[in-house]
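Chain by chain, the residues run as shown.
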Amino acid sequence: MLIRPPADIPESQVTPESVYLSRRKLIGVALSAPMLALAACSRGEEKDGVPTQVVADSPDGFRSGEELTRLQDVTSYNNFYEFGLGKGDPSRQAGSLRTQPWSVTVAGHAEVTGRFTLEDVLKLAPASERIYRLRCVEGWSMVIPWLGLPLAAVLQHFKPTSRAKFVAFTTLADIEQMPALADGVLDWPYKEGLRIDEAMHPLAFLATGLYGKALPNQNGAPLRLVVPWKYGFKSIKSIVAIEFTETMPTTSWNASAPDEYGFYSNVNPDVAHPRWSQKSERRIAGTASKLFAERIPTRPFNGYAAQVASLYAGMNLRQWF
Ligand SMILES: Nc1nc2c(c(=O)[nH]1)N[C@H]1C(S)=C(S)[C@@H](COP(=O)(O)O)O[C@H]1N2
Ligand SMILES: [Mo]
């Protein structure tokens, strides 16, 4: 098994699906008095008689207090265009992805470069759990308990030089394993990128699992980025290459439609997609499946403004969308 088993993580840090419905109760017990006061405040807000938020996030943003999305929805309603455009295509087709052996090539402005096995990468930091909101640019969202390692810990190991201003990520592109590459919706391989300070932010995460288990192929096994304050397409799946660059790297969605998908793509309810509003989102969570999800207001930086807004101080976020 290449993926470190959840046994590496203290049981108390993992959120199995079987307890997700009782999470509110568990959190209620675990919270300190000031946290409970915060939770009580946020519970006050009601929309159509439905509480909009049950408990507050942890102050670092590492653990959302919101109701989790069911495992079955996290793993059957996906965007992974290498396996087809339908939401159900990745769960049906991604069985053909071979995730072992796996390696990641590190290149560019760093002292340590070369080809690293997945096992090498996983050794760079202890595994931990993060419970993050994931907001797709299409207007739906989930709350997902990821397993993985902080991106910063991994990147620091490669000792980026002062010329490394950005980090570029590339997904595998193998038509034998990914039949939908033939459809040519994007210029494959799928590419994404972050500014180096964004990549080093404590919220940026490399996921290797979810719900306490190895990452399902359709969710981007064996290694995928999770950047919770940005639209979901920044969270690139099945990463095979990392490159430290001096200039802003080309990214797939930005290259295919620059007026619709910016390089930054921070979640922003005030900047509409040219073809739809971003003011609200369909929250797929708890018993609200993809079919019965309600719309809730979208928050700046997907609710992580307290942690990340300072990264963009002085930037016009309408221009740098
Ligand atoms: N390689 C690759 N990564 C990708 C995508 C993709 O099509 N290919 N889709 C993105 C989009 S649009 C979203 S919303 C998220 C979805 O992640 P999930 O299926 O794990 O929820 O993955 C992102 N990462
Ligand atoms: Mo997305």
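Per an unreviewed UniProt entry, the chain goes by the name Protein-methionine-sulfoxide reductase catalytic subunit MsrP and belongs to Arenimonas oryziterrae DSM 21050 = YC6267. Per UniProt, the chain has the following entry under Subunit (unreviewed entry): "Heterodimer of a catalytic subunit (MsrP) and a heme-binding subunit (MsrQ)."

With that out of the way, let us pick up the pattern of salt bridges. Summed over the entire model, instances satisfying the criterion amount to 17 salt bridges. Its salt-bridge partner being Glu192, residue Lys234 comes within 2.7 Å of it at the nearest N-O pair. Residue Lys234 is found in the loop between β11 (224-226) and β12 (239-245), and its partner Glu192 is found in strand β8 (residues 191-195); the two are separated by 42 residues along the sequence. Residue classification places Lys234 among the buried positions, given a relative accessible area of 1%.

At the junction of Gln100 and Pro101, the peptide bond is cis and its omega measures out at 0 degrees in the coordinates. Within the chain, Tyr211 stands out as a residue other than glycine whose phi angle is a positive 50 degrees. Note on placement: Tyr211 falls in the loop between β9 (205-210) and β10 (213-214). Phi at Ser265 is positive, roughly 50 degrees, even though this residue is not glycine. Its place among the elements puts Ser265 in the loop between α8 (252-256) and β13 (280-283). For Ser265, a relative accessible area of 4% gives the class buried.

In this model, the chain carries an average pLDDT of 89, and 84% of its residues clear a pLDDT of 70 or more. Every residue in residues 1-7 scores below 50 in pLDDT, and together they form 18 contacts with partners more than four places removed in sequence or on other chains. Long-range and interchain partners of residues 20-47, a stretch whose pLDDT sits below 50, account for 40 contacts in this model, where long-range means more than four residues apart.

The rules we used
- Residues numbered from 1 in each chain as written.
- Chains lettered and ligands numbered in written order.
- Predicted model: local features only at pLDDT ≥ 70, side-chain atom pairs only at ≥ 80, totals over all residues.
- Heavy atoms only, no water.
- UniProt positions renumbered as here; feature names shortened; annotations may be inferred.
- Salt bridge = Lys/Arg side-chain N within 4 Å of Asp/Glu carboxyl O.
- Helix = DSSP H or I, 4+ residues; strand = E, 2+ residues; numbered from the N terminus.
- Buried < 20%, exposed > 50% of the residue type's maximum accessible area, 1.4 Å probe, protein only.
- pLDDT = per-residue confidence, 0-100.
- Contact = heavy atoms within 4.5 Å.

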